[in-house]
Amino acid sequence: MLDKIKKLAEGHKHQIAEWRHEFHANPELSFQEFETTKRIKKYLEQMGFTNVRVGTGGIETGVVADLDTQKDGPCIALRADIDALPMQEVGTPPYRSRNDGVMHACGHDSHIAMLLGAAYVLKTMESELPGKVRFIFQPSEESPHKSGARAMIQDGVLDGVDAISGLHIWSSLPAGVVGYKAGPFMASADEWECTVWGKGGHGAVPHLAFDPIVAASAMVGALQTIVSREIDPLEAVVITCAHIESGTTFNIIPDKAFMQGTVRTFNQEVRATIPERMERIIKGISEAMRCKSEFTYKHVLPPTVNDKEFTEKAADVARALLGADKVKEVVPTMGAEDMSLYLERVPGTFMFLGTYNESKGTVNPQHHPEYDVDDDVLPFGSALLASIAWSFLNKQM
Ligand code: NI
């Protein structure tokens, strides 16, 4: 059956590439994916899907379509994200972005095209499927504070779903290679902010001021001791101060400093301890340096944790489909994904599909202004998603 799936996907490769080019040329930002949504709906309906739902929970973008075979079997969801990034495309492919300042530089255009390809394959095989497949075209992955996954889940997109799978096209893996990892795969992503208030004064007479810049600087350094001195060194944690603002000119000690950053980890228990640790250090230093401070910590996205059994079996499916040399266990990444929110609720797996190919010039990393994707890997992605769905529904995984 996997051979049939592969043939169907490969026979559709030009169409899949064309879809990607069309989405690439017409990128839209998070929760503004209006044209993208219309196009996805149109292509699904052309394939014969009925009851294609648009929008979710007050949001007008995103598409959900069910392949409902009317059989009592299980239901698997396949998910693609559909939004683009606020950046200017510098590359000049024929399908270059027509929306200035907006670009599909994370490959979500490929995700849409691959999932449409999988929908085509599975629709063609509808009579042979013993269960249901839900296709989720999710808006707003790039704005984790306004996660499209969260909105869709609240609106019930996972109701009746037994498992979920998705793919992210990945620039650093060789073209056509599938990267998988059971267990924690991508990190949690939280955000913190801290304001330090001191007492302003003349830069020449610091003893008459309480300098918030010196206090904030001490905090930036001391916060790193959480990772180096407080957490088990075998746990991966990142605490980054990414934004710092204070002062106006060279000879005035300001009365305030502002800092902002991110925290990443794979372990929910470790993650839960971080706010207390940061607050203790920030408070202690403010007090020691005669300043006041306010610290806020926002839990934004949990880690993306792939179900162990599902992932090992999905890797076996990938090996059977593409060959053992095309499937690689990879190390986790500190990047984050709102795929995590689905995988927190239902078992499944999120995998990478490589697109690095020197002969085609697809060598730039994700979010690069000349980012591009090797179209030849797209049918593999479609076939893999369809094969995972088929195998799951046939209780072969
Ligand atoms: Ni992405």
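The following refers to the structure shown.

Thresholds applied
Per chain, residue numbering runs from 1 following the sequence as it is written. For a predicted model such as this one, the threshold for reporting local features is a pLDDT of at least 70, and the threshold for listing and counting side-chain atom pairs is 80 or more; totals across whole chains, interfaces and linings nevertheless cover every residue. Side-chain numbers come from the whole structure's heavy atoms, not from hydrogens or water. Helix and strand labels come from DSSP, where a helix needs a run of H or I of at least four residues and a strand needs a run of E of at least two; each type is numbered from the N terminus. A simple rule labels every residue: compare its accessible area, found with a 1.4 Å probe on the protein chains alone, to the largest value its type can have, and call it buried under 20%, exposed over 50%, or partly exposed in between. Any two residues whose heavy atoms approach within 4.5 Å are treated as being in contact. One requirement defines pairing of two strands: DSSP has to find at least two bridges between them. Angular values range over 0 to 180 degrees, each being the angle between N-to-C directions of two axes fitted as lines to C-alpha atoms, with helices fitted over their stretch in contact. Here the word oblique covers every angle except those under 35 degrees (roughly parallel), over 145 (roughly antiparallel) and from 65 to 115 (roughly perpendicular). Left-handed describes a crossing whose near helix is turned anticlockwise from the far helix by less than a right angle; the clockwise case is right-handed. Here the nonpolar group is Ala, Val, Leu, Ile, Met, Phe, Trp, Tyr, Cys and Pro; Asp, Glu, Lys and Arg are the charged ones; every other residue, Gly included, is treated as polar. Every helix has an expected span of 1.5 Å times one less than the residues it contains. This arc describes the spread of directions from the helix axis toward the C-beta atoms. Distances up to 2.8 Å from the metal define which N, O and S atoms are donors, and 3.2 Å serves for Na, K and Ca; water is absent from the atom set, so sites may look incomplete.

## Side note on the overall build of the protein
Part 1 of the argument: For the protein, the count of helices and strands is ten helices and 16 strands.
Part 2 of the argument: Each of the three principal axes of the protein carries a C-alpha extent, and together these read 80 × 45 × 40 Å.
Part 3 of the argument: Within the protein, buried positions represent 55% of all 397 residues.
Part 4 of the argument: Considering only intrachain contacts with a sequence separation of at least 6, the fraction spanning at least 24 residues in the protein is 81%.

## Quick word on the sheet that holds strand β8 (residues 189-197)
Part 1 of the argument: In spatial order, the strands read β10-β12-β8-β13; together these four strands make up an open sheet with antiparallel pairing. The open sheet terminates on both sides in strands that have one partner only, identified here as β10 (237-246) and β13 (292-301). On average, each strand axis in the sheet is tilted by 15° relative to the strand beside it, whichever way the strands run.
Part 2 of the argument: Sheet analysis places β8 next to β13, joined by eight bridges and oriented antiparallel. Residue pairing for β13: E193 is matched across the bridge by T296.
Part 3 of the argument: Docked against the sheet, helix α6 (residues 212-230) engages β8, β10 and β12 (256-265), running at close to 170° with respect to β10.

## Concerning the packing of helix α1 (residues 2-11) against helix α4 (residues 108-124)
Part 1 of the argument: Across the interface, α1 lies against α4 with an axial gap of 9 Å and an inter-helix angle of 125°. By the angle between their directions, the pair α1 and α4 is classed as oblique. Judged by the twist between their axes, the crossing of α1 over α4 is right-handed. Together, I5, L8 and A9 of α1 and Y120, V121 and T124 of α4 make up the contact between the two elements.
Part 2 of the argument: Here the contact of α1 with α4 is built from residues that sort into five nonpolar, one polar and no charged.

## Thoughts on helix α3 (residues 34-46)
Part 1 of the argument: With 13 residues, α3 ought to run about 18 Å at 1.5 Å a step, and its terminal C-alpha atoms sit 19 Å apart, in line with that.
Part 2 of the argument: For α3, the full list of buried residues reads T36, T37, R39, I40, Y43 and L44. Down the axis of α3, the smallest arc covering the buried residues is 165°, so these residues share one side. Relative to its buried face, α3 has exposed residues pointing more than 90 degrees away, namely K38 and Q46.
Part 3 of the argument: Looking at the buried residues of α3, the elements they touch are α2 (13-25), β1 (53-56), β2 (59-67), α4 and β4 (132-138).

## Considering unusual backbone geometry
Part 1 of the argument: Located in the positive-phi region is N51, a residue other than glycine, with phi close to 55°.
Part 2 of the argument: Note on placement: N51 falls in the loop between α3 and β1.
Part 3 of the argument: Residue classification places N51 among the exposed residues on the basis of a relative accessible area of 57%.

## Digging into the coordination of the nickel ion
The expected angle between donors at a tetrahedral four-coordinate metal is 109.5 degrees. At an octahedral six-coordinate metal it is 90 or 180 degrees.
Part 1 of the argument: At the metal site, the nickel ion is ligated by C106 (SG), H108 (NE2) and H168 (NE2), and these contacts range over 2.2 to 2.4 Å.
Part 2 of the argument: Spacing between the donor residues of the nickel ion along the chain follows C-x1-H-x59-H. One end of the pair, C106, is in the loop between β3 (75-81) and α4; the other, H168, is in strand β5 (residues 163-174), with 62 residues separating them in the sequence. Of the two residues, C106 and H168, both sit in the buried class.

## With respect to the environment of N26
Part 1 of the argument: Structurally, N26 is set in the loop between α2 and α3.
Part 2 of the argument: Classification of N26 as buried rests on a relative accessible area of 12%.
Part 3 of the argument: Residues in contact with N26, not counting those within four places in the same chain, are T36, R39, R98 and N99.

## Things to note about the environment of M334
Part 1 of the argument: With respect to the element layout, M334 can be found in the loop between β15 (327-329) and α9 (339-343).
Part 2 of the argument: Residue M334 is classed as partly exposed on the basis of its relative accessible area, which comes to 26%.
Part 3 of the argument: It is 26 Å that separates the C-alpha atoms of M334 and S382, two residues lying 48 residues apart in sequence.

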